[in-house]
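# Coordinate inspection notes
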Amino acid sequence: MDKEKLYEMLNIDSPADFQYFEDLAELLECEEEIEERALAELLEEVDKIVLSDLIYNYFEEITDFLPGDAAETYGVMERVKFALMGLARNCDEEGLLANLTDELDRFRRWYSVESKVYCTPITKGKDRVVPVRDALVLARSESLTGEKYEYDYRECQEYPLEEYIMSFGDLVAAQMEEEEA
């Protein structure tokens, strides 16, 4: 997907319009391949503090639906959240925009396409193998549909997160934001 189609999918005219929870959700939940250059051009112009806040809010929202026995996957999501937030806040430093682009795209592909969660209905029905994104939607819909599932996130515990250095100030700020929420 090129820049024009990316903006069309996000329903924005320019990166300045990328400022809502739904914008990040649409980006991270996209299954289509996004050209690296298109994503980098978007991220280069997006307000970095707004992006960091969107990342924080998005991850807080999605991890609410992880079952209690998915602690390892929760840990993966927390590490990704803080890495992406740190990269977003500091991506004006040389080379970090490319790292942010790579990491955001890596997470998007893992979360929406490549990961495998085994969902077994508690009553009757067919087992499903879905990406983390779809397992969280399924868990969220249980209260509406009445169907209950057991979720096996074991194959999602390995996530290829690069190690990035975050400043101590960024870690404290992120922790303070989490406590305030």
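### Some points on the state of the cysteines
Following the criterion strictly, the structure yields 0 disulfides and no others. No disulfide involves Cys-119; its nearest neighbouring cysteine sulfur is the one of Cys-156, lying 9.3 Å away. The exposure class of Cys-119 is buried, given its relative accessible area of 1%.

### Quick notes on the sheet that holds strand S1 (residues 117-121)
Spatially, S2-S1-S3 is the arrangement adopted by the 3 strands of the open sheet, whose pairing is antiparallel. At either end of the open sheet lies a strand with only one pairing partner, and these are strand S2 (128-130) and strand S3 (149-152). When the angles between neighbouring strand axes are averaged without regard to direction, this sheet yields 25 degrees. Seen against the sheet, helix H7 (residues 132-145) touches S1, S2 and S3 and runs at an angle of roughly 155 degrees to S3.

### Examining the packing of helix H4 (residues 48-63) against helix H6 (residues 96-114)
Contact geometry of H4 with H6 gives a least axis separation of 14 Å together with a crossing angle of 20 degrees. Taken together, H4 and H6 sit at an angle that is classed as roughly parallel. Once H4 is placed against H6, the crossing between them reads as left-handed. Contact residues: Leu-51, Tyr-58, Phe-59 and Ile-62 in H4; Leu-100, Phe-107 and Tyr-111 in H6. Residue composition of the contact of H4 with H6, by class: 7 nonpolar, no polar and no charged.

Rules behind the numbers
Residues numbered from 1 in each chain as written. Predicted model: local features only at pLDDT ≥ 70, side-chain atom pairs only at ≥ 80, totals over all residues. Heavy atoms only, no water. Disulfide = S-S within 2.5 Å. Buried < 20%, exposed > 50% of the residue type's maximum accessible area, 1.4 Å probe, protein only. Pairing = 2+ DSSP bridges. Helix = DSSP H or I, 4+ residues; strand = E, 2+ residues; numbered from the N terminus. Axes fitted to C-alpha atoms, helices over the stretch in contact; angles between N-to-C directions. Contact = heavy atoms within 4.5 Å. Parallel < 35°, antiparallel > 145°, perpendicular 65-115°, else oblique. Left-handed = near helix turned anticlockwise from the far one by under 90°. Nonpolar A, V, L, I, M, F, W, Y, C, P; charged D, E, K, R; others polar.

Purely geometric stuff here, so don't read any function into it on its own.
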